[in-house]
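Each chain is listed here by its residues.
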Amino acid sequence: MKTSKALLRSYLMKVSIMLTLLAVFVSSSLTYAGGIIIIDGSSGDWSSISPLATNTVSGKVLKAHNNEARLFLQVEGTGLNVKGQFFIDTDQNTATGFNVGSWATNGADYLIENAIVYKNEGGAWSWTQVGVLQSTDYVKNDTVVELSIPLSMLGITTSSTIAVGYIVNDSATDVIPANGGTLPSYALTATVPPAASTGNWDNIRNYLVNYAGDAVIDGDLNMYADYDAIVLEPDADVVSVQTLRNIRDLNAETFLIGYISIGETREILTDANGDPLDIYFTDANGDPLENLNWHSYYIDANKQLWRDMVINELLPEIYAKGYDGVFLDTVDTSIFVDPSRNIDFSASSTGMATLINDMKTAFPDKKIIMNRGFHLLNGTGDSLDVAGSIDGLMFESFTTTWASSEVDQNGMNVEWYHAYPADSNEYIWSDGIANQINKIRFQYNSDGSVKRDQNGRPVKSDKWFHGMTHDYAKDTTTEQVAIMQISVDRAWANGFVPSMGTRFLNEAPSYDWKALVTGMTEATWGSGLDIQSMPLPNPVIDDFTQGVGNWKSLRGVTDPPNPDSIALAAENGLARLDMTVLGTSAWKNAAKMLSKEWFVPVDLSEGTVTLEVKASAPLTAGKSFEIELKDYNNDVKVWTNPVILSDSFQTVTMNPAVDGTYIGGWDGAKDGFQADKVKSIEIRIINTADLSPTYSGSLYIDNIVYHDTVAPSAPTGLTAVSGDTQVGLTWNANAETDVQGYHIYQNGVKITSSPVTGTSHIVTGLTNGTAYSFRITAVDSGNESAQSSAITVTPGAISSGIVIDGLFSDWSPVSSIATGSSEVTKLKVYNTKWDLYLYAEGTGLNAAKAQFFIDIDNDTSTGFDDLTWGVTGADYLVEGGLLYEYVGVNNSWAWHEIDDLREYQYAATSTGIEVSLGLDYLGWIEPGDTIRVGYVKGDSATHRLPGAGASLPSYTLSQ
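Here the structure is a predicted model, which is why all the values come from computation and not from measurement. Residue indices follow the written sequence of each chain, beginning from 1 at its first position. Confidence filtering applies because this is a predicted model: local features only for residues at pLDDT of at least 70, side-chain atom pairs given and counted only at 80 or more, and all residues used for totals across whole chains, interfaces and linings. Excluding hydrogens and water, the side-chain figures rest on all heavy atoms present in the structure.

Asks: Describe in detail the sheet that holds strand S57 (residues 906–908), supporting the description with residues and values.
Replies: The antiparallel open sheet is built from five strands, whose spatial order is S50-S51-S52-S58-S57. Each of the sheet's edge strands pairs with one partner strand only, and the pair in question is strand S50 (816–819) and S57. Averaged over all adjacent pairs, the angle separating strand axes in this sheet is 10°, with direction ignored. Whether two strands pair comes down to DSSP finding at least two bridges between them. A run of H or I in DSSP becomes a helix once it reaches four residues, and a run of E becomes a strand once it reaches two; helices and strands are each numbered from the N terminus. Two elements, strand S52 (residues 835–842) and strand S58 (residues 912–918), share seven bridges in a ladder whose sense is antiparallel. The residue bridging Ala 840 from the neighbouring strand is Ile 913, located in S58. Helix axes use the C-alpha atoms of the stretch in contact, all axes being lines fitted to C-alpha atoms, and the angles between their N-to-C directions lie in the range 0 to 180 degrees.

Asks: Explain the nonpolar core residue by residue, including any values.
Replies: Note on terminology: a nonpolar core comprises buried Ala, Val, Leu, Ile, Met, Phe, Trp, Tyr and Cys residues joined through side-chain atoms within 4.5 Å. Working definition: with a 1.4 Å probe on protein chains only, accessible area under 20% of the residue-type maximum means buried, over 50% means exposed, and in between means partly exposed. Residues Ile 356 and Met 359 are the most contacted members of the largest nonpolar core, which totals 67 residues. When residues of this core are assigned to their parent elements, the largest contribution, eight residues, is made by helix H6 (residues 304–320). When near neighbours in sequence (up to four residues on either side) are disregarded, Met 359 contacts Ile 260, Val 310, Ile 311, Leu 315, Val 326, Leu 328 and Ile 368. If you look at the next biggest cluster of nonpolar residues, it comprises 35 residues, including Val 581, Phe 625, Val 678 and Ile 704. Throughout, a residue-residue contact means that at least one pair of heavy atoms, one from each residue, lies within 4.5 Å.

Asks: Which residues make up the packing of aromatic side chains, and what values go with them?
Replies: Only centres within 6.5 Å qualify two rings of Phe, Tyr or Trp (six-membered ring in Trp) as a pair; their planes then separate them into stacked at under 30 degrees, edge-to-face at over 60, and tilted for everything else. Following the criterion strictly, the structure yields 36 aromatic pairs and no others. Taking 4.9 Å as the distance between ring centres and 85° as the angle between the ring planes, the aromatic pair formed by Trp 201 and Phe 255 counts as edge-to-face. One end of the pair, Trp 201, is in the loop between strand S14 (185–187) and strand S15 (207–209); the other, Phe 255, is in strand S17 (residues 255–261), with 54 residues separating them in the sequence. Phe 255 matches Trp 201 in its accessibility class, with the two residues each being buried. Members of the aromatic cluster, each reached through a chain of ring pairs, are Phe 853, Phe 864, Trp 869, Tyr 886, Trp 893 and Trp 895. Taking NZ or CZ as reference, Arg 490 lies 3.7 Å from the ring centre of Tyr 427, over its face. Any Lys NZ or Arg CZ that is within 6 Å of a ring centre and within 35 degrees of that ring's normal is treated as a charge sitting over the ring.

Asks: Which residues make up the environment of Pro 601, and what are the values?
Replies: Relative to the elements of secondary structure, Pro 601 occurs in the loop between strand S35 (590–595) and strand S36 (607–615). For the pair Pro 601 and Leu 917, spaced 316 residues apart in sequence, the C-alpha separation works out to 40 Å.

Asks: Residues and numbers for the pattern of salt bridges, please.
Replies: Take a side-chain nitrogen of Lys or Arg and a carboxyl oxygen of Asp or Glu: if they are within 4 Å of each other, that pair is a salt bridge. Within the structure shown, the criterion is met by 26 salt bridges. Ionic pairing is found between Arg 248 and Asp 324, a salt bridge with its closest N-O pair at 2.9 Å. Of this pair, Arg 248 sits in helix H5 (residues 241–250) while Asp 324 sits in the loop between H6 and strand S21 (325–329), and the two are 76 residues apart along the sequence. For Arg 248, a relative accessible area of 8% puts it in the buried group. Judged by its relative accessible area of 6%, Asp 324 falls in the buried class. Among the charged side chains, a network of salt bridges with common partners joins Glu 626, Glu 628, Glu 682 and Arg 684.

Asks: Give a description of H5 that names residues and reports values.
Replies: Most of H5 sits inside the fold, with seven of its 10 residues counted as buried. For H5, every residue scored as buried is listed here: Val 241, Gln 242, Thr 243, Leu 244, Asn 246, Ile 247 and Arg 248.

Asks: Could you give me a rundown of the pairing of strand S9 (residues 127–132), with the residues and numbers involved?
Replies: Judged from the five bridges that link them, strand S8 (residues 116–120) and S9 form a sheet pairing that is antiparallel. What sits directly across from Lys 119, in S9, is Thr 128. Counting the residues between successive antiparallel strands, the hairpin from S8 to S9 contains six residues, one of them, Gly 122, with a positive phi of roughly 100°.

Asks: Tell me about H6, residues and numbers included.
Replies: Working rule for helices: expected span equals 1.5 Å times residues minus one. Compared with an ideal rise of 1.5 Å per residue, which puts 17 residues at 24 Å, H6 spans 23 Å between its outermost C-alpha atoms and is within 8% of the ideal. The largest bend along H6 reaches roughly 35° and is located at Val 310. Along H6, the positions that sit buried rather than exposed are Trp 306, Arg 307, Met 309, Val 310, Ile 311, Leu 314, Leu 315, Glu 317, Ile 318 and Tyr 319. With its phi angle positive at about 105°, Gly 322 sits one or two positions after the end of H6. Bend angle per residue: angle between axes fitted to the 7 residues ending at that residue and the 7 residues starting there.

Asks: Describe in detail the sheet that holds strand S18 (residues 264–265), supporting the description with residues and values.
Replies: Across the sheet, three strands lie side by side as S18-S20-S19; this open sheet has antiparallel pairing. Edge positions in the sheet fall to S18 and strand S19 (290–291), since each has one partner strand and no second. Bridge count between S18 and strand S20 (residues 296–298): two bridges; the pairing is antiparallel. Bridge assignment links Thr 265 to a residue of S20, and that residue is Tyr 297.

Asks: I'd like to hear about the packing of H6 against helix H7 (residues 349–362), residue by residue, with values.
Replies: As a packed pair, H6 and H7 sit with axes 10 Å apart at the nearest point and diverge in direction by 30°. When the axes of H6 and H7 are compared, the pair comes out roughly parallel. Seen along the crossing, H6 lies across H7 with a hand that is right-handed. Between H6 and H7, the contacting residues are Trp 306, Arg 307, Val 310, Ile 311 and Leu 315 on the first element and Gly 351, Thr 354, Leu 355, Asp 358, Met 359 and Ala 362 on the second. Here the term charged refers only to Asp, Glu, Lys and Arg, the term nonpolar to Ala, Val, Leu, Ile, Met, Phe, Trp, Tyr, Cys and Pro, and the term polar to all other amino acids, Gly among them. Residues belonging to the contact of H6 with H7 are distributed by class as follows: seven nonpolar, two polar and two charged. Angles are sorted into four bins: roughly parallel if under 35 degrees, roughly antiparallel if over 145, roughly perpendicular if 65 to 115, and oblique for all others. Note: crossing handedness is left-handed where the near helix turns anticlockwise from the far helix by less than a right angle, and right-handed where it turns clockwise.

Asks: Tell me what's going on with the confidence of the model for the protein chain, and back it up with residues and numbers.
Replies: For the protein chain, per-residue confidence averages 87 on the pLDDT scale, and residues scoring 70 or more make up 91% of the total. Here residues 1–34 scores under 50 on pLDDT; set against residues more than four positions off or in separate chains, the count is 117 contacts. Scored from 0 to 100, pLDDT records how confident the predictor is in each individual residue.

Asks: A description of the environment of Gln 454 should follow, citing residues and the corresponding values.
Replies: When you line up the elements, Gln 454 lands in the loop between helix H8 (425–441) and strand S28 (466–472). Look at Gln 454 and you get exposed, because its relative accessible area is 69%. Along the backbone, Gln 454 and Ala 320 are 134 residues apart, and their C-alpha atoms lie at a distance of 42 Å.

Asks: Give me the environment of Asn 747: which residues, what numbers.
Replies: Tracing the chain through its elements places Asn 747 in the loop between strand S45 (741–746) and strand S46 (749–750). The class for Asn 747 is partly exposed, based on a relative accessible area of 46%. A sequence separation of 23 residues divides Asn 747 from Asp 724, and the C-alpha atoms of the two residues are 19 Å apart. Not counting residues up to four positions away in its chain, the partners in contact with Asn 747 are Tyr 772 and Ser 773.

Asks: Talk me through the pairing of strand S16 (residues 229–232); I want residue IDs and the actual numbers.
Replies: Side chains Ala 229 and Val 231 project from S16 onto one buried face, and the interleaved Ile 230 and Leu 232 project onto a second face that is buried too. Pairing between S16 and S17: four bridges, direction parallel. The partner of Ile 230 across the bridge, within S17, is Leu 256. Taken together, S16, H5 and S17 form a β-α-β motif whose crossover is right-handed. With strands facing away from the observer, any crossover in which the path from the first strand over the helix to the second runs clockwise is taken as right-handed.

Asks: An account of the side chain of His 470 is requested, with residue identities and associated values reported.
Replies: When you line up the elements, His 470 lands in strand S28. Since its relative accessible area comes to 0%, His 470 is described here as buried. Identification of polar contacts relies on pairs of N or O atoms within 3.5 Å, with a donor-acceptor requirement for protein atoms, meaning one able to donate a hydrogen and the other able to accept it, and with residues adjacent in sequence counted only if both atoms are side-chain atoms. Reaching out from His 470, the side chain makes a polar contact with the side chain of Ser 499 at a distance of 3.2 Å.

Right, here's the structure in full:
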């Protein structure tokens, strides 16, 4: 019985990258500087290895070598194709082993007779079989005997010293070393791992995934080393440390990435008693649940034992060999659902996210590439988010895939590969996932276009990681090269790093894909990143008055040779879907109209959606009209009505929050349909019964409208700043995404004819010395909230104004625009006709760097964004007694000093900091303009106003 650690290695190092691969079996081999030794019965590849011993009989030369996992032995001579025995003394202690009479005292602890491995028990001729070498590990012919054996089978390591001898056919004299001699010693050595890559990870533009062994890699070493990154099988039985060194010698910048599986194991890992480790999902009998497709076993990532094993055992072993990072497979086990087996692993998503985040914390300098695992990406930093921990996300089968295989008339296996049609479910789905990934990776404008720098390059986000694709093509025929080109072009346009391969990644690469495609220039990288979206539905989602440009038709997938027909067109401003839906299996066909993805999530949680629909002919039996809404976790709500359609328009009404059937998206969090984060709508005619009659006709859609029936909550945080015959009001923005603005009530009377769109307003024409009561309400498309709490304020000129003198009593009449409970408690702003005054109150303020950030135009594209806050867009900065103007691009920290503030303009104490700035210094802002202000103490993410995550509060300059 292997130990649990050995079992861990044996599976985790050998299971294939995609769950479409077979187990990895390669010839045991040993690399050394200058070439490879293969266990194949040839002695030429041993030529640079010095002999341990020689003789003049049949056995003439004895040699030994090792890598980090295996010992390699060889005998050269004549007449060797008979019984042969290697005797190995592993501890240099004659008292513990068998003494072979042909030699002086020797103490053999192990015997390898032909291909069978024995261990000595008690010193006499008493041997216990401990293993049998495979045909790839033991070869014997007339002139050569060579073998490869795991060091663990002999109980030795790379720091051990052993002694070795060989006997031909039980002879007393045909031995090596010669009769009467002493077994020669061999000191095992550990190959020094390669140095870390010197490459720039941000600049990788291609990579290769391949699990072939030393012999294959060394035979095409230049091709491997020419890739920016390589994903390899890290087991030393497959790829040795020396091979990694050989790659590094050719290309110091290539990133070496080791494959691991963190969601399943091929074998059941057990403890010392042979019981399964407590790391698995189990059935009713307590046995580990099996993946029936691949005969592996599902790991529960919530198990702390498993996470500890990965962090403390698996990763250190891989990184000790010189790998620059790891590739994580089977991440999607943590979202797997199979109702037929009562399986739902989605609860383990939190554990999987924790494991990946812990991996980055434990090894921050090592790269992490995750295979799929889309459900763990949202960029929010919550318990299900790994966007800040991964360095790459691989989208397997992004554009092409292995389709099927069959045996031809000659008995040969024929593999079929294809690219997804542009109107297929797979293509449209992968487009949506690409958008989801890129919204995290890059910065976007509100219209869905990506932000670009002066050179046209997409601007990365603070959650930057590589999007990476791995697609499939068979060979270098014209058709398959075209598939490669389609795949690479699509990946490149998305700003993804592409890779191509065949189904059998454990074999020698069938082609060097980089040499077969064209057009991957830096000028075109990320060229297709703009995410085109539907118009924002406030309140109309889409009434088709502009035709059907925001929609895609989607054919059903049916059995050939009779595919469904489908066409999307406009007719008098209506959407018309012309279709034939064949009567085959229910799941195989439908005619669909799918909206483009809404770049900004749409909140449909507080009302109903209506649409008008008709058909040229009533539906036949076995067909149904359906509407599906999809949220940003790819969970859906489906409404089904088998009889709604007739040849005149009817209105369909649905409540997304409560109506319909919930269907969990396999790649989503499966936390229920989120009606407040809807991203698309699909309308379709679909089969509901097998072999139902064929339906042909036209489906017409018009006036898809959202009707909000729920009023916003009452606004909060209303504050007031008194001025000369006026009052400045500010308040917190409502959390509802559909709020259109706010109304102001003065002494109970509404004084705004249309909603105020910001979160501040100046009420003018007041009488100094008179108290006024103010309240506000929030409004959406058709509802007004309850009124906020009242605030009473008396306008009047500040008699002496604000004086910058380090005495802060003159700020007492001025209301705060932000308050907090950190070491910064109040932030105030005041102005006269010519000057702007800023004030921060707190503790220990003059003992740390002081920074006021000022956004004068409410345009984030023109200023600096402090990523600890929400939207910032600061155009000016007061740091200490200096005033700076922002001159950077792409959020770079670049400021130009424009003034050294005088003593009467800047004062700082432990409890307060006050500043005076001429309005002409700030882009000629003037009374009536609205600015936004924030304060940071000592670069802190905590001691600041507003608090982390909030946007800068507004202040409207009084007249």
